Each structure stands twice: as C-alpha cells, then as structure tokens.
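Chain and residue survey
Below are the chains, spelled out letter by letter.
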Amino acid sequence: MQVTLSHNVDIDVNMEGGVGSSLLRCCCAGESAFFAHYRLKPGMGERGDVLLAPGVPGEIIMLNLDGSPGRGWCISKGSFLGCDHSIAINVVMQGLAKGCCSGLGFFVMEATGQGRLLLSSYGALMRYEVQPGEVRTIDHGFVVAWSKGMQYEVGLAATTITSSFLSGEGFVTRFTGPGTVYVQTRSLRGLARALGPYLATSGGGGGSSD
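Notes on the structure in this doc start here. Computed from a predicted model, the values in this text were never measured in an experiment.

Comments concerning the side chain of Ser120
- Mapped onto the secondary structure, Ser120 falls in strand E9 (residues 107-120).
- Taking the relative accessible area as the measure of exposure, Ser120 reaches 6% and is therefore buried.
- What Ser120 contacts, discounting residues up to four positions off in sequence, is Pro54, Glu59, Ile60, Gly78, Ser79 and Val144.

Here's the deal with the layout of surface pockets
- The volume enclosed by the second largest pocket comes to roughly 230 Å³.
- Every residue lining the second largest pocket is listed: Leu63, Asn64, Leu65, Asp66, Gly70, Arg71, Gly72, Trp73, Ser147, Lys148, Gly179 and Thr180.
- For the lining of the second largest pocket, the secondary-structure elements that each account for two or more residues are strand E5 (60-66) and strand E15 (179-184).
- Considering each element in turn, the lining of the second largest pocket owes the most residues, four residues, to E5.
- Tallied by class, the residues present in the lining of the second largest pocket amount to three nonpolar, six polar and three charged.

Things to note about the nonpolar core
- Residues Leu63 and Leu117 are the most contacted members of the largest nonpolar core, which totals 17 residues.
- Those elements that provide at least two residues to this core are E5, strand E6 (73-75), strand E8 (87-93), E9 and strand E12 (143-147).
- With four residues, the single largest contributor to this core is E9.
- Once you skip the residues sitting within four places of it in the chain, Leu63 turns out to touch Trp73, Gly115, Arg116, Leu117, Leu119 and Tyr182.
- Judged by nonpolar contacts, the second largest core, of 12 residues, contains Val130, Phe142, Tyr152 and Phe175.

Brief notes about the pattern of salt bridges
- Considering all chains together, one arrives at three salt bridges under this definition.
- Here Arg39 makes a salt bridge to Asp12, at a shortest N to O gap of 3.8 Å. Here Arg39, found in strand E3 (residues 35-40), pairs with Asp12, found in strand E2 (residues 9-14); they are 27 residues apart in sequence, far enough to count as distant.
- Among the residues examined, Arg39 registers a relative accessible area of 45% and is labelled partly exposed.
- For Arg116, the salt bridge is made with Asp84, and the minimal N-O distance between the two is 3.0 Å. Residue Arg116 is found in strand E9, and its partner Asp84 is found in the loop between strand E7 (80-83) and E8; the two are separated by 32 residues along the sequence.
- On the accessibility criterion, Arg116 (44% relative accessible area) is partly exposed.

Looking at the pairing of E9
- Burial within E9 is extensive, with 10 of its 14 residues counted as buried.
- With seven bridges connecting them, E5 and E9 associate as antiparallel partners. Paired with Leu65 across the strands is Gly115, a residue of E9.
- Bridge count between E6 and E9: three bridges; the pairing is antiparallel. Among the inter-strand pairings, Cys74 is bridged to a residue of E9, identified as Glu110.
- Sheet topology note: the E7/E9 ladder contains three bridges and is antiparallel. Bridging across to E9, Phe80 finds its partner in Leu119.
- Looking at chain direction, E8 and E9 are connected through seven bridges and run antiparallel. Across the sheet, residue Met93 finds its bridge partner in E9, namely Phe107.

Conventions we followed
- Counting starts from 1 at the beginning of each chain's written sequence and moves along it residue by residue.
- Given that the model is predicted, a residue must reach a pLDDT of at least 70 before its local features are reported, and side-chain atom pairs must reach 80 or more before they are shown or counted; all residues, however, enter totals for whole chains, interfaces and linings.
- Calculated side-chain values reflect all of the structure's heavy atoms, with hydrogen atoms and water omitted.
- Labels follow the DSSP assignment, with helices taken as runs of H or I lasting at least four residues and strands as runs of E lasting at least two, numbered in each case from the N terminus.
- Classification of residues uses two cut-offs on accessible area relative to the type maximum, computed with a 1.4 Å probe and protein chains only: under 20% is buried, over 50% is exposed, and between them is partly exposed.
- In this analysis, two residues are considered to be in contact whenever any of their non-hydrogen atoms come within 4.5 Å of each other.
- Definitions used throughout: a 1 Å grid over protein atoms alone; a cavity as a set of points that fits a 1.4 Å probe which cannot get out; a pocket as an open set with protein on both sides within 12 Å along at least five of seven lines; a lining residue as one with an atom within 4 Å of a point.
- Grid points are joined across faces, edges and corners, and a volume is the space filled by probe spheres set on the points.
- Each residue receives one of three labels: charged for Asp, Glu, Lys and Arg, nonpolar for Ala, Val, Leu, Ile, Met, Phe, Trp, Tyr, Cys and Pro, and polar for the others, Gly being one of them.
- Throughout, nonpolar core names a set of buried Ala, Val, Leu, Ile, Met, Phe, Trp, Tyr and Cys residues whose side chains join them through atoms within 4.5 Å.
- Note on definitions: salt bridges are taken to be side-chain nitrogens of Lys or Arg within 4 Å of carboxyl oxygens of Asp or Glu.
- In short, DSSP must find at least two bridges between two strands for them to pair.

Next comes the structure, spelled out in structure tokens:
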C-alpha cells in the first residue's frame, strides 16, 4: 500500500493486462484487479519518490530481472508489492494437486521481463539457492517466491498420513533445483491459530481479559 509520495508524482489506476487478466488475478490469485501506476508529472523535475509498505510486518526485497527468455519469478499470494512498468505480471495455473494441497492456490502470479520487482514477506525473508538435484522442503504457507520453471511437487510432510497430520504439518512443497526459493519465517495461518483462543466467538464468549 502507498504511504507517501512527492508532489511531482502522479497516480494512474487501471486494470493491468485487461479485464480478463485482472479478474483472474483478483478472483484466483488473491491479488488486486487494479494496479496503481506512478509517473513523474511533466515539467516537474527528473526525480520523485514513492514510499510503499506491505500490509503485515516483515521485509521487502528488490529483485532485478534481466529479461532473459524463460527467466522470471513465480509469486505467492500476498507477496507482490510493486515493479517497474517494463515487468509483465501474469497469472498462471497450477495442477490439481498443487492447487489443492500446496497452500499456493490454483493460480499464482508470474513476473517476467526486464526491470525491478519488489516482494514482501511476513517476518524475515530467507533465500535458498537450491542446487541441481537438491530438494528443499518448505512448509505450508511459508513460500514467498521461486524461480520461474523450477520443478516442485506437493506431498505429505512425513512418510504416513497419520504422522503428517498429527505433527501439525500436513502437506509440504518440495522444490528441486536448480533454482532459488524465497521463504518467510512467519505465516498468517500460524498467527490466526495463535490468536484464535483470545478472539470472541459467535456464542458471545469473549476472550481472556488478562
């Protein structure tokens, strides 16, 4: 979200990529259908500034895309913050198993092109360089972004269904290198579970007053 901007910056809000792409991004990828474009006002200098902030406390990282064919980033729901106008933001569909069990949804955002891309996390942001043939297992709800074209699959956290769900982990996502994965150290699902006992319910019982 926007926090502040200099007086010589103008804002233009539109449905990025047309109506179809905007609706997919909003209804299926969990992002806004509208993008705000910031531009310098004519004749008001060569530089301006805009301060953006994510909706949850965490970190922001800037990734530089070089425009190479086949290169880019897949972005989890809620992790996109902003980008240069030269970056193309699209929505791509995952398979049935990945959509149901990975926690990433059936559709994810994909960033390609040349320019700067801003991503945000809830909590600290960790980068993992996964080597060819190496497998990195990441728990449900902690994936921020990964290299476009990187192989990954969804599976049980443990060897049996019982152990997977009794451990509280359930399904996990396994990424196979080569590629890069960004992971956040906290999850909103975990926060919701922690706050649950202290929130009022429809039955009228309030939370603890301590």
